[in-house]
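The primary structure of each chain is shown beneath.
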Amino acid sequence: MSLQCGIVGLPNVGKSTLFNCLSSAKAQAANFPFCTIEPNVGVINVPDERLNKLAEIVHPGRIVPATVEIVDIAGLVKGASKGEGLGNKFLGNIRETDAIIHVLRCFDDDNVVHVDGKIDPVHDKEVIDTELQLKDLETIESRISKVQKQAQTGGDKEAKLTYDVLKAYKEALDQGKSARTVEFESKDEQRVAHDLFLLTAKPILYVCNVDEASAVSGNKYVEQVREAIKDENAELLVVAAKTESDIAELETYEDRQMFLQEIGLEESGVNRVIKAAFKLLDLETYFTAGEMEVKAWTYKKGSKAPQCAGVIHSDFEKGFIRAEVIKYEDYIKYASEAAVREAGKMGIEGKEYVAQDGDIMHFRFNV
C-alpha cells in the first residue's frame, strides 16, 4: 500500500536531517537553502514489538514488518504559490503525498542560518500555511467559476453539493484557516471534499525540532506552536533531530537504548515519528504467522475482511469465503494456533467483518 507522508518546512529547519534518521536513504543535509531539490523517498520499517512477540512463539524463517513511505520535499519559501524559489515544483510534490509532516525549527543555534534571520516557529508555520492556502484558494475559485451557474440555476444536485462544499472551504481559506479545519457531516459532502485533493486538507503532524536539552520536555518555542495549532485538528511531536542523528550512528541496539536513557527518553524520536506517520495515514496492521514468516500487512482503518485479504493478493479478495481470526492477546496467551482453536477463541468471520488492529488472520478463498 504505497501511501506517502511528505516532510515539509522552510529551508534549514532540519527536514533532511530528520529524513536521514528515518531512512537508510541519505538525503544531502547542508547549511544553505534549496539543498534538497528533487524529493528523496524512503521506504521505512514501522517498529512493532508485537511482531517480535509472535516470532518468539512461532520461530519463523523471517520477520516482515509493515512499511511507510516518507518523502523529503525541498524547503518552501514565501511566494512559493506564485512560483518563488522552486515553488510550483515543491507544491506539486506535496500534492502527490497523502499526509504532511511539517518540521518547525524550535532551537537556537547561531551556526545554522535561518532563512528569515530569526527563530519564530509560529511565523514559519504561517509562511507555509499561507502558501498552501493561496494555492488551495486558487483551486477553489477555479472550480467555483465552473459549477456556480449550474448549482444556482440548473437544478443539478451534484453541482449544488459541490458548490456548497467549495463555498465552505473558500470561507475558511479567506479567513486564513486551512481546509482541514472545515468538517462535513454527510458522506456525500465528505466525498466531494476528498476529491478536491486540497493541500491544506491533508492530515498533518507538526514536528518541533529542538536541541538535546529540550528533547524530553520541550521549550518555549514548542509551547508557542502547541497554542497556535490547538484548533487545527493536527498532531504535534517533539524531536531533537541532531541528537537522533547521533543516536543513529551508534552501532548496537544496546548503545542506542543507553543513550536514550541518559537523556531521559523511553523511545527514540525516530520511532515515534514513524508510528505517528503510520497513524496519520489512517493505517492499521494485521498479521499472518507461520513457520515461513511472521508478517505485518497494512490496510486502511475500517476495511472489511475481503479488502484485507486483497492486500495479500487480488484473488484472495475475489474468491473470499471467510476469515479465521485470532486476537493478538489470545495468541500470546495460548501460545499456539492449536491451543487457541482448542480454547474456542478463533473467530470465523464473513464479508462484513471489520478488521481490528493486531488481528492474526488466515483467509479461505476459492477462485
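Preceding block: the structure.
Scope of this entry: the structure provided in the associated data block. Bear in mind that the values here come from a model prediction, so they are computed numbers and not experimental data. (Residues numbered from 1 in each chain as written. Predicted model: local features only at pLDDT ≥ 70, side-chain atom pairs only at ≥ 80, totals over all residues. Heavy atoms only, no water.)

Details of the overall build of the protein
Counted only if it meets this: A run of H or I in DSSP counts as a helix once it spans at least four residues, and a run of E counts as a strand once it spans at least two, with each numbered from the N terminus. Residue exposure (1.4 Å probe, protein chains only): buried if accessible area is under 20% of the type maximum, exposed if over 50%, otherwise partly exposed. Contacts are assigned to residue pairs that have any heavy atoms within 4.5 Å of one another. In these tables, accessible area is a Shrake-Rupley quantity obtained with a 1.4 Å probe, and a residue counts as shielded only by the protein chains included in the view.
What the protein contains, in helices and strands, is 14 helices and 12 strands. Here the protein holds 367 residues, and 49% of them are scored as buried. Long-range pairs, those at least 24 residues apart, make up 70% of the contacts in the protein between residues at least 6 apart in sequence. Accessible surface, the protein as shown: approximately 18,500 Å² in total, 47% of it carbon and sulfur.

Focus: unusual backbone geometry
For Phe-197, which is not glycine, the phi torsion reads 55° and is therefore positive. For Phe-197, the position within the fold is in the loop between α6 (187-195) and β6 (204-209). Residue class for Phe-197 comes out partly exposed when judged on its relative accessible area of 48%. Even without being a glycine, Asp-282 presents a positive backbone phi close to 65°. Take Asp-282: it is sitting in the loop between α10 (269-280) and β8 (283-289). Overall, Asp-282 belongs to the partly exposed group, its relative accessible area being 35%.

Quick notes on the side chain of Lys-202
The cut-off we apply is this: For the purposes of these results, a polar contact is taken to be a pair of N or O atoms within 3.5 Å, where, inside protein, one atom must be able to donate a hydrogen and its partner to accept one; residues adjacent in sequence count only when each atom of the pair is a side-chain atom.
Topologically, Lys-202 is positioned in the loop between α6 and β6. Within the local environment of Lys-202, its side chain forms a polar contact with the backbone oxygen of Arg-95, the two atoms lying 3.2 Å apart. Filtering out sequence-adjacent residues up to four positions away, Lys-202 remains in contact with Ile-94, Arg-95, Thr-97, Asp-98, Ala-99, Ile-100 and Arg-180.

Brief notes about the sheet that holds strand β5 (residues 99-105)
One key point about sheets: their strands pair by backbone hydrogen bonds, in either a parallel or an antiparallel sense. What counts here: Criterion used throughout: strands pair if DSSP finds at least two bridges between them. Axis geometry follows a simple rule: fit a line to the C-alpha atoms, using only the stretch in contact for helices, then measure angles between N-to-C directions, giving values from 0 to 180 degrees.
Here we have 6 strands laid out as an open sheet, ordered β2-β4-β1-β5-β6-β7, and mixed in their pairing. Each having just a single partner strand, β2 (40-45) and β7 (235-239) make up the two edges of the open sheet. Along the sheet, successive strands turn relative to each other by an average axial angle of 25°, direction set aside. Taken together, the 6 bridges between β2 and strand β4 (residues 67-72) define a ladder with antiparallel strand orientation. Bridging from a neighbouring strand, Asn-45 pairs with Thr-67 of β4. The sheet strands contacting helix α7 (residues 220-228) are β5, β6 and β7, and the helix crosses β7 at an angle near 170°. Contacting β1 (4-8), β2, β4, β5, β6 and β7, α10 crosses the sheet at an angle of about 165° to β7.

Interpretation in functional terms is not warranted from these geometric data alone.
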